[in-house]
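Summary of structural features
Now for the letters of each chain:
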Amino acid sequence: MPRLPWRQIFCMLPIAAVAVWVTQHRSVIGTGFGEVLAANGYWLLAAVLSTLLGWVAVSFARQGTVLERLPAKRLVVTQFAAGAANHLLPSGIGAGAVNIRFMAKCGLPPARYSAALALYFLAEGVSRVALLLMLLLAFPEALRLEALLPDRIGLPLIGAVAGLLAVAALATVLAVPRLREVTGRFTRTALTDIRSLHTRPSRVLALWGGSLAFPVLQASGLVAVALSMDLDAPIGHLVLAYMAATVVAAAVPSPGGLGSVDAALVIALVAVGASVGAATSTVLAYRVITVWLPLLPGALVLGALVRRKVV
């Protein structure tokens, strides 16, 4: 009985998934491309450039999570492919899975690449929140959320929900012996790696420099798209809107942030003074550049990486 060509099948899965996803969201894509065609081309090129540099920044951050030197070219290409996978599974699971496979192929044991993945998410989260807090201090009156939300909904409610989720997660870990053992072993490995990495200035620079540069580059892309469409809002307020929207949207586990990021960005842009129509057009054009255009090439690259056993 002939064996099924499993590797060839797995190579085609990303492309098939993208085809289904694009078919399901064709109306949104069509509207977004219409907005792109009506915008200033030079500013859109700047947005494309910032998106490309974003994958380089992520590559630096990923390298900063491990002591071993990863192959630079394959690392960058893997981040591009991981971007496509990230839009097919929620909460960064797709990109995380691709990077785990890549690090495993590079010879890292499971405990090490699991700790590296956790450190990356931690550094990215800390960087985004730190940037958001600095922007809120710089522009304290920029986000006018009172016009969008009821008085009782705000940071206290968000903080309470986050606190309850953290307590529930901790209680679950403490209540299950097996889970407590696995979590303890993972934490010890992660802390050991973090201490070792932070004795290497090159790794510290790569990890935190890349983690800070990535959201700044993504925000720069949004600013460039806004300028291409003559959006009436200060640049600093646009960057603040991006940081606030992505921090909030991270709590909603949708594939590639589709829906959650879009809605959060529109709300944030309106909160800094843009009209609803202009904010919606800007977000649609921005998501075309950062999500829809790279999606099919990223799926093709991912299939090629699977075929060549890079991931």
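Okay, so let's go over this structure. The numbering scheme is per chain: residues are counted from 1 as the chain's sequence reads. The predicted origin of the model limits local features to residues at a pLDDT of at least 70 and limits the giving and counting of side-chain atom pairs to 80 or more, whereas totals for whole chains, interfaces and linings rest on all residues. Hydrogens and water are ignored here; the side-chain numbers use all heavy atoms of the structure.

What follows is about the packing of helix α3 (residues 41-63) against helix α12 (residues 276-307). As a packed pair, α3 and α12 sit with axes 10 Å apart at the nearest point and diverge in direction by 70°. With respect to their mutual orientation, α3 and α12 come out roughly perpendicular. Viewed along their axes, α3 and α12 form a crossing whose handedness is right-handed. In contact with Leu44, Ala47, Val48, Thr51 and Trp55 of α3, α12 contributes Ile289, Thr290 and Pro294. Looking at the contact of α3 with α12, its residues break down into six nonpolar, two polar and no charged. For helices, the fitted axis covers only the stretch in contact; all axes are lines through C-alpha atoms, and the angles between them, taken along N-to-C directions, range from 0 to 180 degrees. Secondary structure follows DSSP: runs of H or I at least 4 residues long count as helices, runs of E at least 2 residues long count as strands, and numbering of each begins at the N terminus. Here the word oblique covers every angle except those under 35 degrees (roughly parallel), over 145 (roughly antiparallel) and from 65 to 115 (roughly perpendicular). Here a crossing is taken to be left-handed if its near helix is turned anticlockwise relative to the far helix by less than a right angle, and right-handed if that turn runs clockwise. We call two residues in contact whenever any of their non-hydrogen atoms come within 4.5 Å of each other. Note on residue categories: nonpolar means Ala, Val, Leu, Ile, Met, Phe, Trp, Tyr, Cys or Pro, charged means Asp, Glu, Lys or Arg, and polar means any other residue, Gly included.

All right, on to the pattern of salt bridges then. By definition here, a salt bridge exists when the distance from a side-chain nitrogen of Lys or Arg to a carboxyl oxygen of Asp or Glu is within 4 Å. Applying the stated rule across the entire model yields two salt bridges. Taking the shortest distance from any N to any O, the salt bridge between Glu68 and Arg112 comes out at 3.0 Å. Taken together, the residues Glu68 in the loop between α3 and α4 (72-86) and Arg112 in helix α6 (residues 110-138) connect sequence positions 44 residues apart. Here the term buried applies to any residue with accessible area under 20% of the maximum for its type, exposed to any over 50%, and partly exposed to those in between, with areas from a 1.4 Å probe on protein chains only. Residue class for Arg112 comes out buried when judged on its relative accessible area of 18%.

To continue, consider the side chain of Arg203. Mapped onto the fold, Arg203 is located in helix α9 (residues 201-228). As used throughout, the charge tally considers Lys and Arg to be positive and Asp and Glu to be negative, leaving His and the chain termini uncounted. Nearest to the buried, unbridged Arg203 among oppositely charged side chains is Glu68, at 7.2 Å. For Arg203, the residues in contact, after removing those within four places along its chain, are Gln63, Gly64, Val66, Leu67, Glu68, Arg69 and Leu197.

Time to look at α9. In this model, α9 (28 residues) spans 39 Å end to end at C-alpha, consistent with the 40 Å of a helix rising 1.5 Å per residue. Looking one or two residues past α9, Asp230 carries a phi angle of roughly 55°, positive in sign. Here the expected span of a helix is defined as 1.5 Å times the quantity of residues minus one.

Before going further, it helps to examine the nonpolar core. As used in this record, nonpolar core signifies buried Ala, Val, Leu, Ile, Met, Phe, Trp, Tyr and Cys residues forming a set joined through side-chain atoms within 4.5 Å. Counting 36 residues, the largest nonpolar core has Val225, Leu238, Tyr242, Met243, Leu265 and Leu269 as its most contacted members. Of all elements in the fold, only α3, α6, α9, α10 (235-249), α11 (260-271) and α12 reach the threshold of two or more residues within this core. The element that contributes the greatest number of residues to this core is α10, accounting for eight residues. The residues contacting Met243, other than those within four sequence positions of it, are Leu131, Leu132, Leu135, Pro215, Val216 and Ala219. Counting residues in hydrophobic clusters, the runner-up holds 18 residues, among them Val66, Ala95, Leu108 and Leu302.

It is worth spelling out unusual backbone geometry at this point. Look at Asp230: it is not a glycine, yet its phi comes out positive at around 55°. Examined against the element boundaries, Asp230 turns out to sit in the loop between α9 and α10. If you check the backbone angles, Lys309 has positive phi at about 60° while not being a glycine. Examined against the element boundaries, Lys309 turns out to sit in the segment after α12.

Purely spatial values, then, with no claim about function.
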